[in-house]
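Working through the structure, step by step
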Amino acid sequence: YQSAMAAAGLPAEIVTLPLPGNARAGSSGEARAAILRDWLSQRNRPDGVVTYSAWTAEPLLYAAAQLGMGVPDDLSVTTIEDEPALHLGRLVTTVVLDVEKLAAVAVEMLRCKITAPTESLSVQKIVPHLVRGDTA
């Protein structure tokens, strides 16, 4: 991310916000949205966000809507997930990870390490694919 932004001549900022609760269980949704609303209300707010999961993208989209922000015009939102993310009735632009392939490669590498523990294994890249939604 930082290399790509630098190559484009743009600043790269990584922000980690303490979001409470378990979003997957549906708890603390309003608390999460409140933290994101506060963040998006700052004078130097972001114009684009990449979240680590769709479960963070959802309260982010909600917070942006509460502030009257247009997505993607005022705020672009992309997430990383194992399937295309559909939240709040919108297809979120998603970097989709092939978890089945990731698991298969991990198991094969583990099998190789069990068979030959001292052998060095080469790096295995699992290339994700981009599903363009209407949020970025």
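Just so it is clear, the model here is predicted, and its values are computed rather than measured.

The pairing of strand E2 (residues 76-81) with strand E4 (residues 90-96) spans four bridges and is parallel. Bridged to Glu 81 within E4 is Val 96. Relative to E4, strand E3 (residues 85-87) runs antiparallel, the two sharing three bridges. Among the inter-strand pairings, His 87 is bridged to a residue of E4, identified as Arg 90. Between E3 and E4, which pair antiparallel and follow one another directly, the connecting turn spans two residues, one of which, Leu 88, has a positive phi of 55 degrees. Bridge count for E4 against strand E5 (residues 129-131) is three bridges, and the pairing is antiparallel. Paired with Thr 94 across the strands is Val 131, a residue of E5.

The next thing to look at is the layout of surface pockets. Its boundaries defined by the atoms lining it, the largest pocket holds a volume of some 1100 Å³. Residue lining of the largest pocket: 32 residues in total, with Tyr 1, Glu 13, Gly 48, Val 49 and Val 50 positioned closest to the centre. Every element with two or more residues in the lining of the largest pocket is listed here: helix H1 (2-7), helix H2 (29-40), strand E1 (48-51), helix H3 (54-66) and E2. Here the lining of the largest pocket is built from residues that sort into 20 nonpolar, eight polar and four charged.

With that settled, the discussion passes to the confidence of the model for the protein. Of all residues in the protein, 93% attain a pLDDT of 70 or more, and the chain-wide mean is 89. Model confidence for the protein, summarised as mean pLDDT per element, is weakest for E3 at 85 and strongest for E5 at 96.

What follows deals with the nonpolar core. Judged by nonpolar contacts, the single largest core of 16 residues is most densely connected at Leu 40, Leu 60, Leu 75 and Val 77. Counting only elements with at least two residues in this core, the list comes to H2 and H3. Here the element with the most residues in this core is H3; it accounts for six residues. Setting aside its immediate chain neighbours within four residues, Leu 60 contacts Leu 36, Trp 39, Leu 40, Val 49, Thr 51, Leu 75 and Val 77.

How each quantity is defined
Residues numbered from 1 in each chain as written. Predicted model: local features only at pLDDT ≥ 70, side-chain atom pairs only at ≥ 80, totals over all residues. Heavy atoms only, no water. Pairing = 2+ DSSP bridges. Helix = DSSP H or I, 4+ residues; strand = E, 2+ residues; numbered from the N terminus. 1 Å grid on protein atoms, 1.4 Å probe; cavity = no way out; pocket = protein on both sides within 12 Å on 5 of 7 lines; lining within 4 Å. Points joined across faces, edges and corners; volume = space filled by probe spheres on them. Nonpolar A, V, L, I, M, F, W, Y, C, P; charged D, E, K, R; others polar. pLDDT = per-residue confidence, 0-100. Core = buried A, V, L, I, M, F, W, Y, C linked by side-chain atoms within 4.5 Å. Buried < 20%, exposed > 50% of the residue type's maximum accessible area, 1.4 Å probe, protein only. Contact = heavy atoms within 4.5 Å.

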